[in-house]
Amino acid sequence: MENLIVLNNEKVSKHNGKFFSRNYNFKILPEGLNRYFKVEYIVRKSEVNESHELNLDKIKIASNIIQFIFYVLSTFKNKKSKYYLICITPYTFIASLFLFIFRKKVYVYLISSGHEEWANLLGNWSVWIYDLMFKIVTSKATVIALHDRLYNKKNFHVINSSTLDDKWFKNFKEARTDKIRFLYVARINPVKGINEFLEMFNNLEMEAELSIIGKTNNLRHQKKFKSLIENSKNIKFPGYVSNRQQLIDTYDNHNILILPSYTEGQPYVVDESLVRRRPVLIFEDIAEIIKGRKGIFVAKRNVTSFIETTKFIMANYSKIQKDIEQNNFPLEKDMFQEISNVVKNN
């Protein structure tokens, strides 16, 4: 099999001789690609214990950018290796410069709009920095993206992302509709719109519960988040769910998934919710993610529109569930096959 060096800004911890990823999506991606290539995963070192055990033979965790680049350069001894960059970040950008200088074959995987993420996290002044990195990397690499709005020029491929395996299609449970049970499954991060949504939720004049599945290791984000939930009896924060079956059960115990993000590519949680026949409520900022799927509803980012949309979903729940059954859902294994085909043939 060909060698594929996967470079990621992901933080990974090591304890008891095992490696653990912070983000579940960045666990399954290199593992899935390892079915088709000999994957070596180069990532950043986490100072805290992360959640998802990585099942890979070759993992290198760098404490800083110098060590990260050293690990990349050490792979050059195999001249036929290909390089797969997950997202464009300062770490992967600097690595890409060395890869281009030494004429390596590079693929970049775009998940969401970095322009919008930088604007939300650092302010509009910072977008030019990301834009410069974006233009340099995409001009030299083969681009693989989750949505054609992320990039749409030559040497570009769109794939269907998924975390769905056979377990998601079994043992369906009836949704309880006696009251509104919102579910949020994502990082506790401002770019996900969670803070603004919590402020809105706390001002809703309707009977509803909200469960939040996620975590953050950023102390500033934690402080703001805790201040928004600590005085609300209708907000539950069980923390992070790493087990797939427990996550399926969590969807089943709620009736509407809320995704308040300002920017998204092709979020896994949407299909996860829909395949369990639970409708999804989003805001206008990310309406482009619908892509013809039934069961996704769009509200304006204000209390009145949100309440109206929620009431419509609850009043038409049975019909919406029947509509959802008409969707075709991509599978995790299909996503890895698509990526493999691009890397092997381009």
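Shown above is the structure to which this text applies.
This text gives an overview of the structure that appears in the document.

What counts, and where the lines are drawn
- By convention here, each chain's residues receive numbers from 1 onward along its written sequence.
- Since the coordinates come from a predicted model, pLDDT governs what is reported: local features require at least 70, and pairs of side-chain atoms require 80 or more to be given and counted, while whole-chain, interface and lining totals use all residues.
- Note that water and hydrogens are dropped before the side-chain values are worked out from all heavy atoms of the structure.
- By the criteria applied, helices consist of DSSP H or I runs no shorter than four residues and strands consist of E runs no shorter than two, each listed in order from the N terminus.
- Within 6.5 Å between ring centres, the rings of Phe, Tyr and Trp (the latter by its six-membered ring) count as paired, and their orientation is classed by plane angle as stacked under 30 degrees, edge-to-face over 60, tilted in between.
- With a 1.4 Å probe rolled over the protein chains alone, any residue whose accessible area is under 20% of its type maximum counts as buried; one over 50% counts as exposed, and the rest are partly exposed.
- Whether a charge sits over a ring depends on NZ of Lys or CZ of Arg being within 6 Å of the ring centre and within 35 degrees of the ring normal.

Considering unusual backbone geometry
Turning to step 1, where the next piece is worked out: Of note, asparagine 16 is a non-glycine position whose phi angle comes to about 55 degrees, a positive value.
Turning to step 2, where the next piece is worked out: Position of asparagine 16 relative to the elements: it lies in the loop between β1 (3–15) and β2 (18–21).
Turning to step 3, where the next piece is worked out: At arginine 277, a position not held by glycine, the phi torsion is positive, near 65 degrees.
Turning to step 4, where the next piece is worked out: Within the element layout of this structure, arginine 277 appears in the loop between α9 (268–275) and β14 (280–283).

What about the packing of aromatic side chains?
Turning to step 1, where the next piece is worked out: Overall, the coordinates contain 17 aromatic pairs when judged by the stated rule.
Turning to step 2, where the next piece is worked out: Ring geometry for tryptophan 118 versus tyrosine 130: centroids 5.9 Å apart, planes at 45 degrees, classification tilted. Separated by 12 residues along the polypeptide, tryptophan 118 in helix α4 (residues 114–122) and tyrosine 130 in helix α5 (residues 127–140) bring together distant segments of the chain.
Turning to step 3, where the next piece is worked out: Judged by centre distance (4.8 Å) and plane angle (70 degrees), the ring pair of phenylalanine 225 and phenylalanine 237 falls under edge-to-face. Here phenylalanine 237 lies in strand β12 (residues 235–239) and phenylalanine 225 lies in helix α7 (residues 219–229), a separation of 12 residues in the sequence.
Turning to step 4, where the next piece is worked out: What makes phenylalanine 237 partly exposed here is its relative accessible area of 37%.
Turning to step 5, where the next piece is worked out: Members of the aromatic cluster, connected to one another through ring pairs, are Phe182, Phe197, Phe201, Phe283 and Phe306.
Turning to step 6, where the next piece is worked out: For the cation-ring pair, lysine 104 lies above phenylalanine 76, with the distance from its terminal atom to the ring centre recorded as 4.8 Å.
Turning to step 7, where the next piece is worked out: One cation-aromatic arrangement involves lysine 344 over phenylalanine 37; the distance from NZ or CZ to the ring centre is 5.6 Å.

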